[in-house]
Amino acid sequence: MLTLIINIRELLQIRDAKVLKVSGAEMAQLPSIKNAYLLIENDLIKDFGLMENCPKHDTAKVIDARGKTVLPAWCDSHTHIVYAGNRSQEFVDRINGLTYEQIAERGGGILNSAAKLQQTSEDELFMESKARLEEVMRLGTGAVEIKSGYGLTPANEIKMLRVIKRLKDNYPIAIKATFLGAHAYPTEFKNNHQGYIDQIINEMIPRIAQENLAQYIDAFCESGYFSTEETEQILQAGQKHGLIPKIHVNQFNVIGGVALGVQYNALSVDHLELVSDNDIEALKNSNTMPVALPSCSYFLSIPYTPARKMLQAGLPLALATDFNPGSTPSGNMNFVVATACIKMKMTPEEAINAATLNGAYAMGISKTHGSITVGKKANLIITQPIPSFYQLPYAFGSNLIDQIILNGKVFA
Ligand code: NIG
Ligand code: FE
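Residues numbered from 1 in each chain as written. Chains lettered and ligands numbered in written order. Predicted model: local features only at pLDDT ≥ 70, side-chain atom pairs only at ≥ 80, totals over all residues. Heavy atoms only, no water.

Enquirer: Provide a residue-level description of the coordination of the iron ion (ligand 2), including the pertinent values.
Expert: Looking at the metal site, the iron ion (ligand 2) is ligated by His-78 (NE2), His-80 (NE2), His-248 (NE2) and Asp-322 (OD), spaced 2.1 to 2.2 Å from it. Mapped onto the sequence, the donors of the iron ion (ligand 2) take the spacing H-x1-H-x167-H-x73-D. You can see His-78 sitting in the loop between β6 (74-76) and α1 (88-95) and its partner His-248 sitting in strand β10 (residues 244-249), a full 170 residues away along the chain. Each member of the pair, His-78 as well as His-248, carries the same accessibility label: buried. (Donors = N, O, S within 2.8 Å, 3.2 Å for Na, K, Ca; no water. Helix = DSSP H or I, 4+ residues; strand = E, 2+ residues; numbered from the N terminus. Buried < 20%, exposed > 50% of the residue type's maximum accessible area, 1.4 Å probe, protein only.)

Enquirer: Talk me through the domain arrangement of the protein chain; I want residue IDs and the actual numbers.
Expert: Taken domain by domain, the protein chain consists of domain 1 (2-72 + 372-411) and domain 2 (74-361). Placing a centre on the C-alpha atoms of domain 1 and another on those of domain 2 gives a separation of 29 Å. Facing 31 residues of domain 1, the contacting portion of domain 2 comprises 34 residues. Of the roughly 2600 Å² buried where domain 1 meets domain 2, counting both sides, 68% is carbon and sulfur surface. Sorting the residues of domain 1 by area buried against domain 2 places Lys-21, Met-27 and Phe-411 first, and these three jointly supply 25% of that buried surface. (Domains from an automatic or database assignment. Contact = heavy atoms within 4.5 Å. Buried area = accessible area lost by both parts, 1.4 Å probe.)

Enquirer: Describe the sheet that holds strand β13 (residues 318-319), and please don't skip the residues or the numbers.
Expert: The sheet built from eight strands is open, its strands ordered β6-β7-β8-β9-β10-β11-β12-β13 with parallel pairing. Bordering the open sheet on either side are β6 and β13, each of which pairs with just one other strand. As judged from the four bridges shared by strand β9 (residues 216-221) and β10, these two strands associate in the parallel manner. Of the residues in β10, the one forming a bridge with Ile-217 is Pro-245. Sitting on the sheet, helix α6 (residues 193-210) is in contact with β8 (174-182) and β9, with an inclination near 150° to β8. (Pairing = 2+ DSSP bridges. Axes fitted to C-alpha atoms, helices over the stretch in contact; angles between N-to-C directions.)

Enquirer: Let's hear about the site of ligand 1: which residues, and what values?
Expert: Residues in close proximity to ligand 1 total 15 residues, the closest being Arg-87, Tyr-100, Tyr-150, Gln-251 and Ser-327. Between an oxygen atom of ligand 1 and a side-chain N or O atom of Tyr-150, the distance comes to 2.6 Å. With respect to ligand 1, the side chain of Ser-327 contributes an N or O atom lying 2.5 Å from an oxygen atom. Summarising the interface, the protein chains cover 100% of the accessible area of ligand 1, which totals 320 Å² for the free molecule. The class makeup of the residues in the shell around ligand 1 is four nonpolar, nine polar and two charged. (Near = heavy atom within 4 Å. Polar contact = N/O pair within 3.5 Å; in protein donor to acceptor, adjacent residues only side chain to side chain. Areas by Shrake-Rupley, 256 points an atom, 1.4 Å probe, with all protein chains shown as cover. Nonpolar A, V, L, I, M, F, W, Y, C, P; charged D, E, K, R; others polar.)

Enquirer: Tell me what's going on with the nonpolar core, and back it up with residues and numbers.
Expert: Ranked by internal contacts, the top residues of the largest apolar core, which has 111 residues, are Leu-133, Leu-167, Phe-179, Leu-317, Leu-319, Met-346 and Ile-352. Counting contributing residues per domain, this core is built from domain 1 (2-72 + 372-411) and domain 2 (74-361), each supplying no fewer than three. Beyond its immediate sequence surroundings of up to four residues, Met-346 is in contact with Met-27, Ala-307, Arg-308, Leu-317, Leu-319, Ala-340, Cys-341, Ala-351 and Ala-354. Membership of the second largest hydrophobic core comes to 18 residues, among which are Ile-5, Ile-40, Val-70 and Ile-405. (Core = buried A, V, L, I, M, F, W, Y, C linked by side-chain atoms within 4.5 Å.)

Enquirer: Which residues make up a nonpolar patch on the surface, and what values do they have?
Expert: A cluster of nonpolar side chains, namely Phe-91, Val-92 and Ile-95, defines an oily patch on the protein surface of about 270 Å² accessible area. Secondary-structure assignment places Ile-95 in helix α1. Overall, Ile-95 belongs to the exposed group, its relative accessible area being 60%. (Patch = residues over 30% accessible without salt bridge, like charges linked within 9 Å, V, L, I, M, F, W, Y side chains within 5 Å. Salt bridge = Lys/Arg side-chain N within 4 Å of Asp/Glu carboxyl O.)

Enquirer: Before we move on, could you go through the packing of helix α12 (residues 333-344) against helix α13 (residues 348-355) and cite the residues and values that matter?
Expert: It is at 9 Å that the axes of α12 and α13 come closest, and there the two elements cross at 140°. With respect to α13, the element α12 is oriented oblique. You can see that α12 and α13 cross each other, and the crossing is right-handed. In this structure, α12 uses Met-333, Val-337, Ala-340 and Cys-341 to contact α13, whose residues at the interface are Pro-348, Ala-351, Ile-352 and Ala-355. The class makeup of the residues in the contact of α12 with α13 is eight nonpolar, no polar and no charged. (Parallel < 35°, antiparallel > 145°, perpendicular 65-115°, else oblique. Left-handed = near helix turned anticlockwise from the far one by under 90°.)

Enquirer: Which residues make up the environment of Glu-10, and what values go with them?
Expert: On the secondary structure map, Glu-10 appears in strand β1 (residues 2-12). On the basis of relative accessibility, which here comes to 7%, the residue Glu-10 falls in the buried class. Sequence separation between Glu-10 and Lys-68 is 58 residues; the distance between their C-alpha atoms is 7.0 Å. When sequence neighbours within four positions are dropped, the list of residues in contact with Glu-10 reads Ser-32, Ile-33, Lys-34, Lys-68, Thr-69, Val-70 and Phe-389. Reaching out from Glu-10, the side chain makes a polar contact with the side chain of Ser-32 at a distance of 2.6 Å.

Enquirer: Go over the environment of Gln-251 with me, naming the residues and quoting the values.
Expert: Tracing the backbone shows Gln-251 in the loop between β10 and α8 (257-263). Along the sequence, Gln-251 and Lys-168 sit 83 residues apart, while their C-alpha atoms lie 29 Å from each other. In contact with Gln-251, not counting residues within four places along its chain, are Phe-220, Glu-222, His-271, Glu-273, Cys-296, Leu-300, Ile-302 and Ser-327.

Enquirer: Could you give an account of the pattern of salt bridges, with specific residues and numbers?
Expert: Note that side chains of opposite charge can pair when their charged atoms are close. Across all of its chains, the model carries 17 salt bridges by this definition. Lys-46 is paired through a salt bridge with Glu-41; the nearest N and O atoms lie 3.5 Å apart. A salt bridge links Arg-162 to Glu-211, with the nearest nitrogen and oxygen atoms 3.0 Å apart. Linking Arg-162 in helix α5 (residues 154-170) with Glu-211 in the loop between α6 and β9, this pair joins segments that are 49 residues apart in sequence. Counted as one network, the salt bridges with shared partners bring together Glu-122, Asp-123 and Arg-166.

Right, here's the structure in full:
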């Protein structure tokens, strides 16, 4: 099946197949063609170019994109969208003066979500999660990583990962699964950390790897959660079973998680609300993608990732939502891109690079997603008529998406 998009005002993020991520000063460039066409065959980008060279295809379905911008769908490399219920009471508690850490210390936070999830059946969890997935797809997300981590027992972690697999089997969107058993210590292991780590290593990881339920392994490397030594044990065990690290680091404290991630060849290190000079040195010349989550900074009123300092040092940067019930109850990548521009002083070009190609890299799919490249998946955003792509972050509260194309088909 052929689909031909014609009269595209501007076709953004055109890349050679060899470019799998962009770093430092390169991120300021967002290659584009003005007055363009794009041809889709089945689920792939077949061809694109200047409108004046547009081939004739009598059988193609034609989409007229006059005045509109076309860009790759967002690649959201960090989410926790499989969860049960909500934590709106904790949101109000924070408004009234408690901190995120204080709420966690009194048994709220991740343990609150775990208690809810443990009481929710796999079918109910699937129904709740699919509504969130459909919402983010309508907001322009064409690839998403989803973590476990609200189960915290072997059966419940596996239940979460099975729901992720079911989403993957039922929706036209790339989904990668990450095992995050090391998200928090269950109450019964509060004073027996090694007991829970042993359960992760001896019971959870082997089963998950055997059933091929996750590609990546994560840990919340943070004071009061998993120390660098504890995280290292988890990464080593994951490595033995082929699970590649993607870890939570530097959200509230700098404890050495970045260097540890680089040492274990992590695909990404995520959060980075705080970044030290040592962290920057560790990331230089590594294959690890730093990932910023500005909606989390916004919602918790914590610092934003120092993007300028990192790009200045020549590092790449990706942007993701962190969609979860506690620190970021939003999966809107348009808001993430706008917030990165407004609060992190990234230019629109840099933010779009970070939310497409670098996001794809941070979830291990930049060979097939994240740019307008012949042979990549036809996962596209067609905007409403806009004067330039600057409108996307500038009009930060508007939904400027007209159509979403996923696997070559219009997603309704
Ligand atoms: O990425 N920081 C750790 N995990 C999640 C939030 C977990 C929660 O509060 O439910 C995050 O922000
Ligand atoms: Fe997270």
